[in-house]
Structures are given as C-alpha cells and as structure tokens.
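# Tertiary structure, described
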Amino acid sequence: MFTSYRFLILIVSVMGLFAFSGCKKKENISQLGQRCGQNVKCAQGLKCWAGICEDLSGNSPACKFVKEASGAIMNAGPKDLLKGLNFEYDPNFISEIPNSAAQIYKGFAQGMPERSCKRVLECEMPKLGIGYSWFWTRAAYEATKTIPEGAKKVSADAISVNVQNFDQNAIGDDTTMFPEVKVRQMTQHRFGCKAEVEVKVREEFAGFATFHFWRNTGCEFVEADKAVADSKPGFKCQGEELLKDPKYTYTVYLYPFSSAQLETQKKAEKNKDKQGRAYFTGNPGTYKVEIWAYNPIDEALFGEHKQFENESDMKKISGFAFCPKYTENVNENGCGCIGFVKNKITVSLDPDPFFLPMDEEKCTKQAEAEESKKDK
C-alpha cells in the first residue's frame, strides 16, 4: 500500500514538471542592430541602447580613436601644439574646440555604439573649429599617433610662390588693410618691405605656410674709387641667407573649405581685400597675396644699413640709398627693403598630420535618420 502511494506521488510530480515546462514562454533574443526592450533581450555581449542592441565595448577602431582623441583635445594647449610657430590665434575661438570635444567625450559615459562613433568621426569631428583644424588634428594625432579612416594625409610640398613685385612701402594702423601682427611689429617706424606674390596651391592643403624674406650676407660698404671715372660707392656682398625671425616672415594657416564653408568664411572675414583679390585658402588655385617684412635698422644683421649722423651727410652721395638714423616721426624714417635679396620670397610648410573632410550631404541624411528613429 505504501509503495503504491509513493509511486502515485512520483507520477504526479513528473506530470507537473512537464506541465510547467510546457507553459514557460520562449525568451526573445535580439542580435546586433535589432530592436530590444522590456520583453526582448540582447544577445550576449550586446546591450540595449536607444531601443537597439548595440556593442558598447568601445573596442572598434572608430570608437577607440574618437574616445582617445576627444579626451586629448579637451586637455590640449594651443601654444604646445604650435611648437614654435609664430602664429597668432583667436583664444575665444580656440576655447570652443575643447568644449565641443568634451561633449563628445561625455557620450562614452553611457557607452557609445560603433555606428555612433563612426557618425561622430565623419560628421562631428570635422566641425571642430572649421578653419582652425590645426588644434584638434594635432592634439588627436599627438595622443593616438593614428590617421583616422576617411582622413587624408597632407602634402608637405603642395605650395609654391612666385614674386611679382618687391618694394618699400609705408604701413598704416588700419588692420583691415594691413596684417595686424605687422602693424604691431613696426614700432620704431612705419616703413617695411612689401612683396606682392603669386601663390600656387597645387592640392588640398591643411596647415601652416610661412613666407620667408632673404638677406644679403657678408656685405661691406666700398667707397667710390676716385681714380676711376663714374665710380660710385656701393655694397659688395658674399652670399644670401633665409630669414626666420618673425619680423621678416609671415605665417598663415590654410584650410581647404567646402563651397558652403567658404561662403560663410568670406562673409565673416574682417580683413576683406579692398582690391577684390581671392580669399587665400588651402583650396587648390592661384592666389595673389601681399607679404610684409618689418625692416628696422640693424647693421649687425643687414650690412647694407649704413647710417649717418644727419641728413646732409647722407645726401652727399647722390643716387645711392642709405638708411638714416631714426627721428621721433615714425612715418618718415627708417628703411624698407634695404638689405633683402631683391625679389626673393620662399615658403616653408608645416602641414597638419591629416585633413578630415566632411560629406555634408551624407551627414545631413544621417542626422535625419537619427531623428526619425527617435520619433518612433
């Protein structure tokens, strides 16, 4: 009797187990890119992010670059990145770039899927300081030592220069007509050497271009030979030397703008060219540019700067230009192109580590698609 009772309990238990198993619902599992929610879980290794199963590990090349680069940009210092270049930047504009990078970096706190990393790389990072990309690209490369997918390596031989005119000129205080950095340099007098040059940009260039004047070296003043008819005094020089001092160079940052960006920049540019010359950019083309050099009296550097105690002494030798000593009127004294190698300007380039173009049409479509998903 007892044995029959135990057998009956066993049968009931087994039947109950089968009944329970038959009622249990099958768990819904979504794969990468599929929808997820309260009743739909993501496959192992994935997490539900904005209603979609995503890989939030951040191990993809795009995510690694965006995270490390944005963190580096947040903490970068412009003076360190310029590495000795004599370039004056707008600190207010520069400060916006780390702030924007901080917003990108914060996105990783909740995790960022690979598709979002790619979108940020393609559509957000190229907008970090348009026309000032030297800041973020140099900070990013210094931290990652990586050129991201879709970026272009910039040539260090993309620009050449041809001098059209070379003469002494006076510079004024109007920074819409004269380079502000040169106006500040010309403290002792307002005469400089102005070179009108034709600059050819052969391919897209992002980086710094420094234009250099050259000086004559080993110059000695030789008096007129009284024993020779029509002999005139003059200087004899031994060679030539490229100048690197900021007084005799001019550094600009060039960036290859898109058509829409270029129109915006032209409208915002304060230094509008009074003669309608082309806006100087890193876009391929030929540009007419004015290059200035401040030329203070410095006989140690420029042997052809022969000075006289007064104007009458200077005028004793007609037809020969000498540099008089300064007086209090800065607009009437000093030298202009004396001591420079005539009609010689060369350019040295410091390209950005890479240039990251933006496909504006593609980015607009991506933004619209993201908004559409949010609405659903």
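Residues numbered from 1 in each chain as written. Predicted model: local features only at pLDDT ≥ 70, side-chain atom pairs only at ≥ 80, totals over all residues. Heavy atoms only, no water.

### Quick look at the packing of helix α2 (residues 61–75) against helix α4 (residues 91–106)
Closest axis-to-axis distance for the α2/α4 pair is 8 Å, and the angle between their directions is 145°. Regarding α2 and α4, the two cross each other, and that crossing is left-handed. Residue-level inspection shows V66, K67, S70, G71, I73 and M74 of α2 in contact with α4, the latter providing I97, P98, A101, A102, I104 and Y105. Classifying every residue of the contact of α2 with α4 gives nine nonpolar, two polar and one charged. (Axes fitted to C-alpha atoms, helices over the stretch in contact; angles between N-to-C directions. Helix = DSSP H or I, 4+ residues; strand = E, 2+ residues; numbered from the N terminus. Left-handed = near helix turned anticlockwise from the far one by under 90°. Contact = heavy atoms within 4.5 Å. Nonpolar A, V, L, I, M, F, W, Y, C, P; charged D, E, K, R; others polar.)

### Regarding the environment of E114
Looking at the element boundaries, E114 is found in helix α5 (residues 114–124). Exposure remark for E114: the relative accessible area of 35% places this residue in the partly exposed category. On a C-alpha basis, the gap between E114 and S60 in space is 6.5 Å, while along the polypeptide they are 54 residues apart. In contact with E114, not counting residues within four places along its chain, are D55, S60 and C63. (Buried < 20%, exposed > 50% of the residue type's maximum accessible area, 1.4 Å probe, protein only.)

### Things to note about the state of the cysteines
Per the counting criterion, the structure on display carries five disulfides. Paired through a disulfide, C123 and C363 show a sulfur-sulfur distance of 2.0 Å. Across the S-S bond linking C123 and C363, the dihedral sits near -90°, which makes this disulfide left-handed. Taken together, the residues span a long stretch of sequence, with C123 in helix α5 and C363 in helix α10 (residues 360–375) at a distance of 240 residues. Among the residues examined, C123 registers a relative accessible area of 4% and is labelled buried. (Disulfide = S-S within 2.5 Å.)

### Side note on the sheet that holds strand β12 (residues 285–294)
Taken in spatial order, the three strands of this open sheet run β5-β6-β12, and their pairing is antiparallel. Strands at the two margins of the open sheet, each flanked by one partner only, are β5 (159–170) and β12. The mean inter-strand angle of the sheet, taken between neighbouring strand axes irrespective of direction, is 20°. As paired elements, strand β6 (residues 191–201) and β12 share ten bridges and run antiparallel to each other. Bridging from a neighbouring strand, V201 pairs with G285 of β12. (Pairing = 2+ DSSP bridges.)

### With respect to the pattern of salt bridges
All chains considered together, the criterion is met by 18 salt bridges. One salt bridge in this structure joins E142 and K83, with 4.0 Å as the shortest N-O distance. Of the two residues, E142 sits in helix α6 (residues 134–144) while K83 sits in the loop between α3 (78–82) and α4, which places them 59 residues apart along the sequence. Overall, the relative accessible area of 46% leaves E142 in the partly exposed class. Exposure remark for K83: the relative accessible area of 61% places this residue in the exposed category. Close ionic contact of E88 with R184 constitutes a salt bridge, the shortest N to O distance being 2.0 Å. (Salt bridge = Lys/Arg side-chain N within 4 Å of Asp/Glu carboxyl O.)

### Overview of the packing of aromatic side chains
Inspection of every chain in the model, using the stated rule, returns 22 aromatic pairs. Ring centres of F302 and F340 lie 5.2 Å apart, and the angle between their planes is 75°; on these two criteria the pair is classed as edge-to-face. With F302 in the loop between β12 and α9 (311–315) and F340 in strand β13 (residues 340–351), the pair connects residues that are 38 residues apart, well separated along the chain. Both residues of the pair, F302 and F340, count as buried. Among the aromatic residues, those joined into a ring-pair cluster are F87, Y89, F93, Y132, W134, F135, F208 and Y253. Just above the ring of W214 sits the side chain of K344; from NZ or CZ to the centre is 3.9 Å. (Phe/Tyr/Trp six-rings, centres within 6.5 Å; stacked < 30°, edge-to-face > 60°. Lys NZ or Arg CZ within 6 Å of the ring centre and 35° of its normal.)

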